[in-house]
Amino acid sequence: MTGKPVWPIDERPVPQTDVEGEWTSPTQPIPSKPPAFDIQGVTPDNIINFTPALKQTALRLLEGYKTGPIFTPPTSSTGPGAPKGLIQVPGYGGGANWESGAADPETGFVYVGSITDPRIVLLTPNSTPTPTPGVNNACCDSDYTMGGTAPQLPNGLRLMQPPYGRITAYDMNKGVIAWQIPNGDTPPNIKANFAAAGLTNIPPTGSPSRAGLLVTKSFLFAGEGVGGQAIFHAYDKKTGESVWQAPLPAGPQTALPMTYMYQGNQYVVLATRGPQGSGAQLVAWTVAPPTAVPDGGQRGAGAQ
């Protein structure tokens, strides 16, 4: 127990700011392992490419925007060439968040839910800062305002390649990604966008949301999270293969699943919204005795 990194963390040069009065570090610490669980930065290789024409449209859409790898600093609306802003990926609303992840001490696997949510960061001089007297306003009394949603292609198609939400399994004994899957199927509204664009046979994109995860003896359980579909999933924790799913009363889910034992039976429970007009609900699943499980029943996946 020394606190020394298991794998090297290198100081590497990173892009520098062009905003007057700002200073950025010439290097940042970059882990050598494991690889990132979500897209970092915009490149011609990770934008939409279902057809050559769509990719060309996306490339034209990027014109006038600043792009770059992780740690690329935002630009100013009064900067050189007055660019439209930095397209930041996975975005300041993207990547991982409070949902955190799940760790399996038996296998050494770690699971992370994330979302690819490109955002525009453009620093605009703030003419009306509103400091609060007697309060440290370092976070709020800014010289600049910023923010914006990344541009979309015609028919509401997203700039980046899917999955838009993903679940990543790390083998932390090796520092590699063991598997990575979309966070559920393609939501109906995204399917409609594809259909309007004449696109068929698109692989599952996943919901553009962060999964809430629970790992048990055999399975990785996942709610699709805020912005996801009202479906609860069980995956094979070793392979990511879908083994079971069940509908929820409503979505989205803003909680994490948990498990407990009661009178010799294991339960998995998730807090979720109830149907329209009702309050919140706790939904629990368990494993019924084999003779009590009806054909096609949803309880056969097991909770262990």
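Read on for a plain summary of the structure.

What counts and how
Starting from 1, residues in each chain are numbered consecutively following that chain's sequence as written. Residue-level local features of this predicted model are given only where pLDDT is at least 70; pairs of side-chain atoms are given and counted only at 80 or more, and the full residue set underlies all totals for whole chains, interfaces and linings. Water and hydrogen atoms were dropped before computing side-chain values, which therefore reflect all heavy atoms in the structure. The rule for a salt bridge is simple: a side-chain nitrogen of Lys or Arg has to be within 4 Å of a carboxyl oxygen of Asp or Glu. Working definition: with a 1.4 Å probe on protein chains only, accessible area under 20% of the residue-type maximum means buried, over 50% means exposed, and in between means partly exposed. Only when DSSP finds a minimum of two bridges between them are two strands counted as paired. By definition, any uninterrupted DSSP run of H or I lasting at least four residues is a helix, any uninterrupted run of E lasting at least two residues is a strand, and each is numbered from the N terminus. The angle between two axes is taken between their N-to-C directions and runs from 0 to 180 degrees, where each axis is a line fitted to C-alpha atoms and a helix contributes only its stretch in contact. The pocket and cavity definitions rest on a 1 Å grid over protein atoms only: a 1.4 Å probe that fits but cannot leave marks a cavity, an open set with protein on both sides within 12 Å along at least five of seven lines marks a pocket, and residues lining either have an atom within 4 Å of a point. Grid points are joined across faces, edges and corners, and a volume is the space filled by probe spheres set on the points. Under this grouping Gly is polar, as are all residues other than the nonpolar Ala, Val, Leu, Ile, Met, Phe, Trp, Tyr, Cys and Pro and the charged Asp, Glu, Lys and Arg.

**Overview of the pattern of salt bridges**
Close approach of charged atoms lets side chains of opposite charge pair.
Right, so step 1: In total, this model carries seven salt bridges according to the counting rule given.
Right, so step 2: The partner of Asp117 in a salt bridge is Arg119, with the nearest N and O atoms 3.0 Å apart.
Right, so step 3: Judged by relative accessible area, which is 16%, Asp117 ranks as buried.
Right, so step 4: According to the relative accessible area criterion, Arg119 is partly exposed, its value standing at 23%.

**Let's talk about the sheet that holds strand β6 (residues 109–115)**
Right, so step 1: Read from one edge to the other, the open sheet built from four strands follows the order β5-β6-β9-β10, with strand pairing classed as antiparallel. Only two strands of the sheet have a single partner each, and these edge strands are β5 (101–104) and β10 (176–182). Averaged over all pairs of adjacent strands, the angle between their axes in this sheet comes to 20°, without regard to strand direction.

**Re unusual backbone geometry**
Right, so step 1: Residue Pro34 is bonded to the preceding Lys33 through a cis peptide linkage, with omega at -15°.
Right, so step 2: Its location among the elements puts Pro34 in the loop between β2 (27–31) and α1 (52–61).
Right, so step 3: Omega for the peptide link from Pro162 to Pro163 comes to 5°, which places this bond in the cis form.
Right, so step 4: Tracing the sequence through the fold places Pro163 in the loop between β8 (144–145) and β9 (165–171).
Right, so step 5: Of note in the backbone geometry, Ser100 takes a positive phi value of approximately 60° without being a glycine.
Right, so step 6: Along the polypeptide, Ser100 turns up in the loop between β4 (86–88) and β5.
Right, so step 7: Residue Gln263 is not a glycine yet carries a positive backbone phi of 50°.
Right, so step 8: The exposure class assigned to Gln263 is exposed, which follows from its relative accessible area of 67%.

**Remarks on the sheet that holds strand β11 (residues 212–215)**
Right, so step 1: Within the open sheet, the four strands sit side by side as β11-β12-β13-β14. Their pairing is antiparallel. On the outer flanks of this sheet lie β11 and β14 (242–247), each paired with one strand and no other. Shown here is a sheet whose adjacent strand axes are inclined to one another by a mean of 20°, direction ignored.
Right, so step 2: Relative to strand β12 (residues 219–223), β11 runs antiparallel, the two sharing four bridges. Bridging from a neighbouring strand, Leu214 pairs with Phe221 of β12.

**Overview of the pairing of strand β7 (residues 119–125)**
Right, so step 1: Of the strand pairs in this sheet, strand β3 (residues 75–76) and β7 are connected by two bridges, and their pairing is parallel. Among the inter-strand pairings, Ser76 is bridged to a residue of β7, identified as Leu123.
Right, so step 2: Where β4 meets β7, three bridges bridge the pair, whose relative direction is antiparallel. By the bridge assignment for β7, Ile87 is matched with Ile120.

**Here we look at the layout of surface pockets**
Right, so step 1: Taken as a whole, the largest pocket holds about 270 Å³ of empty space.
Right, so step 2: In this structure, the largest pocket is lined by Pro29, Ile30, Pro31, Ser32, Lys33, Pro34, Pro35, Ala36, Gln40, Ile70, Phe71 and Tyr170.
Right, so step 3: Ranked by residue count, the leading element in the lining of the largest pocket is β2, at three residues.
Right, so step 4: A breakdown of the residues in the lining of the largest pocket according to their chemical character gives nine nonpolar, two polar and one charged.
Right, so step 5: When its volume is computed, the second largest pocket comes out at roughly 220 Å³.
Right, so step 6: Around the second largest pocket, the lining comprises 15 residues; the ones closest to its centre are Gly184, Asp185, His233, Tyr235 and Gln245.
Right, so step 7: Put simply, the parts of the chain that give the lining of the second largest pocket at least two residues each are β10, β13 (231–236) and β14.

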